[in-house]
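Per-entry structural report
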Amino acid sequence: MRFENQTAVVAACGSDAGAACALNYLQQGAKVALYYDEEARLWPFDQISEEERSRLLTIQISDFRDHEELKRAADQVKEKFGTCDIVVTAVTTVPSKPAYDMDEEEYDRVMKTITNGSLYTIQPLMPMMIEKNYGRIVLVSSIAGRTAIPGVAPVYAAANAALCGMARNIGCTMGVHFITGNAVAVTALEDGSYRTGGPQGILPGHELCQLNDVAGAVEYLTAPLASWTTGETLDLNGGYFMV
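Residues numbered from 1 in each chain as written. Predicted model: local features only at pLDDT ≥ 70, side-chain atom pairs only at ≥ 80, totals over all residues. Heavy atoms only, no water.

This part is about the packing of helix α4 (residues 104–122) against helix α6 (residues 154–174). It is the contact of α4 with α6, at a shortest axis distance of 9 Å, that shows an interaxial angle of 20°. The pairing of α4 with α6 is recorded here as roughly parallel in orientation. In this structure, α4 meets α6 at a crossing whose hand is right-handed. Here Y107, V110, M111, I114, T115, S118, L119 and I122 of α4 come into contact with α6, specifically with V155, Y156, A158, A159, N160, A162, L163, M166 and I170. When the residues that make up the contact of α4 with α6 are grouped by side-chain class, the tally is 14 nonpolar, three polar and no charged. (Axes fitted to C-alpha atoms, helices over the stretch in contact; angles between N-to-C directions. Helix = DSSP H or I, 4+ residues; strand = E, 2+ residues; numbered from the N terminus. Parallel < 35°, antiparallel > 145°, perpendicular 65-115°, else oblique. Left-handed = near helix turned anticlockwise from the far one by under 90°. Contact = heavy atoms within 4.5 Å. Nonpolar A, V, L, I, M, F, W, Y, C, P; charged D, E, K, R; others polar.)

Listed below in structure tokens is the structure:
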């Protein structure tokens, strides 16, 4: 199994994409810590085996903007598994107001949930990666951070563009420790998350991105065979946006 003897930490907030990635890691032999925002996010784990369950740690996060809460979560990971090899953040939220009516409180909620939530997940886990001189980090972003889409709130576009920039910075600064940093920019997912209101994929019968599409892309970027891929954003949009 590809990820046997590795530990993956996956953050799932506002989307089931993280849970799909966590399940994929479990099925491929990894020890997995899943940070989640609500109980509904745990649905993929209803049918897992007892052996898989023994390799799963679930930690509910009440607020992904809370740095101290995510530090405590990292402490639980270290206590349970002793180390961390992979970090995946799928942290998102939807603006509740249009751009012309968005107040400072709502702007901060969206920006900080997406950007701070992702960074605060990764940051306290980095020392374990630096100690072992190895790591894989992937941030799940949105197509809204890659290209202009009519109707998307500016704060949502800015926050997701920031994730792509964060991935580049991680790849640049952490490479000395053999830690790679990449992003996956998704379009609308089948669970209703990451929807932008814009056009969907051009592949007949596959207009919406499937959760397994995300898990597969993340799997590639965190596998040993992707050791030469860092600072990149992998677009996952069914051909809607091509560079």
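With that settled, consider the side chain of R136. Considering the arrangement of structural elements, one finds R136 in strand β5 (residues 135–142). The charged side chain of R136 is buried without a salt bridge, its nearest counter-charge being D85 at 9.1 Å. Dropping the residues within four chain positions of it, R136 is found in contact with D85, I86, V87, M129, F178, T180, L221, T222, A223, P224, A226 and S227. (Buried < 20%, exposed > 50% of the residue type's maximum accessible area, 1.4 Å probe, protein only. Lys, Arg positive; Asp, Glu negative; His and termini not counted. Salt bridge = Lys/Arg side-chain N within 4 Å of Asp/Glu carboxyl O.)

So, about α4. An ideal rise of 1.5 Å per residue puts 27 Å on 19 residues; α4 measures up with 26 Å between its terminal C-alpha atoms. The largest bend along α4 reaches roughly 35° and is located at K112. Residues E106, V110, M111, T113, I114, T115, G117, S118, Y120, T121 and I122 constitute the buried set of α4. (Expected span 1.5 Å × (residues − 1). Bend = angle between axes of the 7 residues up to and from the residue.)

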